[in-house]
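Tertiary structure, described
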Amino acid sequence: MEKCARLLMTAAVVVLSLAASATPIGADKVHDLLPKYGLPAGLLPDAVKSYSLSDDGTFEIQLSSSSCYVHFPSNLVYLDSTIKGDLSYGRISNLSGIQAKKLFLWVTVTAIVAHPDQNSVEFQVGFLSQSLPDSEFQSIPRCKSSVACRGAPNLLSDS
Ligand SMILES: *[C@@H]1O[C@H](CO)[C@@H](O)[C@H](O)[C@H]1NC(C)=O
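Conventions we followed
Numbers given for residues are sequential positions, taken from 1 along each chain in its written order. Since the coordinates come from a predicted model, pLDDT governs what is reported: local features require at least 70, and pairs of side-chain atoms require 80 or more to be given and counted, while whole-chain, interface and lining totals use all residues. No hydrogens and no water enter the side-chain calculation; it runs on all heavy atoms of the structure. Note on terminology: disulfide denotes any pair of cysteine sulfur atoms within 2.5 Å. Secondary structure elements follow DSSP: runs of H or I no shorter than four residues count as helices, runs of E no shorter than two count as strands, and numbering proceeds from the N terminus. For each residue, the accessible area found with a 1.4 Å probe, counting protein chains only, is set against the maximum for its type, and the residue is called buried under 20%, exposed over 50%, and partly exposed in between. A pair of Phe, Tyr and Trp rings is counted when the ring centres sit within 6.5 Å of each other, with Trp represented by its six-membered ring. The angle between the planes then sorts it: under 30 degrees is stacked, over 60 is edge-to-face, the rest tilted. We call a residue near a molecule or strand as soon as one heavy atom of that residue lies within 4 Å of the molecule or strand. In the analysis that follows, any N or O atom pair within 3.5 Å is treated as a polar contact, provided that within protein one partner can donate a hydrogen and the other can accept it, and provided that, for residues neighboring in sequence, both atoms belong to side chains. DSSP bridges decide pairing: two strands pair if at least two such bridges lie between them.

**Examining the state of the cysteines**
- This model, assessed by the stated rule, comprises 1 disulfide.
- What pairs with Cys68 in a disulfide is Cys143, and their sulfur atoms sit 2.0 Å apart. Disulfide Cys68-Cys143: the torsion about the S-S bond is -90 degrees, which places it as left-handed. Separated by 75 residues along the polypeptide, Cys68 in strand β3 (residues 68–72) and Cys143 in the segment after β9 (128–133) bring together distant segments of the chain. When sorted by exposure, Cys68 lands in the same class as Cys143, which is buried.

**A closer look at the packing of aromatic side chains**
- Inspection of the entire model under this criterion finds 5 aromatic pairs.
- For the pair Phe123 and Phe137, a centre-to-centre distance of 5.4 Å together with 50 degrees between the ring planes defines the contact as tilted. Here Phe123 is found in strand β8 (residues 120–125), whereas its partner Phe137 is found in the segment after β9, with 14 residues between them in sequence. Accessibility assignment for this pair places Phe123 and Phe137 in one class, buried.
- Following the ring pairs from residue to residue traces out a cluster consisting of Tyr69, Tyr78 and Trp106.

**Examining the site of the ligand**
- In the vicinity of the ligand, the contacting residues are Lys84, Asp86 and Asn94.
- Here an oxygen atom of the ligand sits 3.3 Å away from a polar atom, N or O, in the side chain of Asp86.
- Contact between the ligand and Asn94: an oxygen atom at 2.4 Å from a side-chain N or O atom of the residue.

**Side note on the pairing of strand β6 (residues 105–108)**
- Relative to β6, strand β5 (residues 91–102) runs antiparallel, the two being bridged by 4 bridges. Note that in β6 the partner of Lys101 across the bridge is Trp106.
- Between β5 and β6, which pair antiparallel in sequence order, lie 2 residues; one of them, Leu103, sits at a positive phi of approximately 50 degrees.

**Here we look at the side chain of His31**
- Along the chain, His31 turns up in helix α2 (residues 27–36).
- The class for His31 is buried, based on a relative accessible area of 7%.
- A distance of 3.0 Å separates a polar atom in the side chain of His31 from the backbone oxygen of Pro45.

**What to know about unusual backbone geometry**
- Non-glycine residue Asn94 carries a positive phi angle of around 50 degrees.
- Tracing the backbone shows Asn94 in strand β5.
- The phi dihedral of Asn119 is positive, around 50 degrees, even though this residue is not glycine.
- Within the fold, Asn119 resides in the loop between β7 (111–115) and β8.

Have a look at this one:
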């Protein structure tokens, strides 16, 4: 665990120094775009390099980091460098490129649905779903390349 913590710190230093030198193109815009679609800006991490959105709602996002782990308060999430899906108001469907750690498994998140009346965001994994408070996704999280800790004992509890 101590080794893991040291690796995490090293990763954080690397990420911080990258953040200082790189200017992510389009990153601000994509974080502005989500609230326009009734979704919290903090669903996507800081390391967005570029994105495209077509008229039919199909989008593709490129992350600047090749491995991106995000520690949301109640979930550990892994994002591929390419994320694709269909964006409509309050909903992202046909999603690919996002996995969440559930107990000992990494599962692909297939859809994200906002429920503003319940102040929650629902994550669908196949036919299962989990609703989380939308307050967890108000601020934009930072990508961590904590791949070295992927197999380590649970960093976060799965609620
Ligand atoms: C889902 O996305 C893939 C590309 O990632 C696309 O080829 C496919 O047509 C989409 N399916 C639907 C139902 O939109």
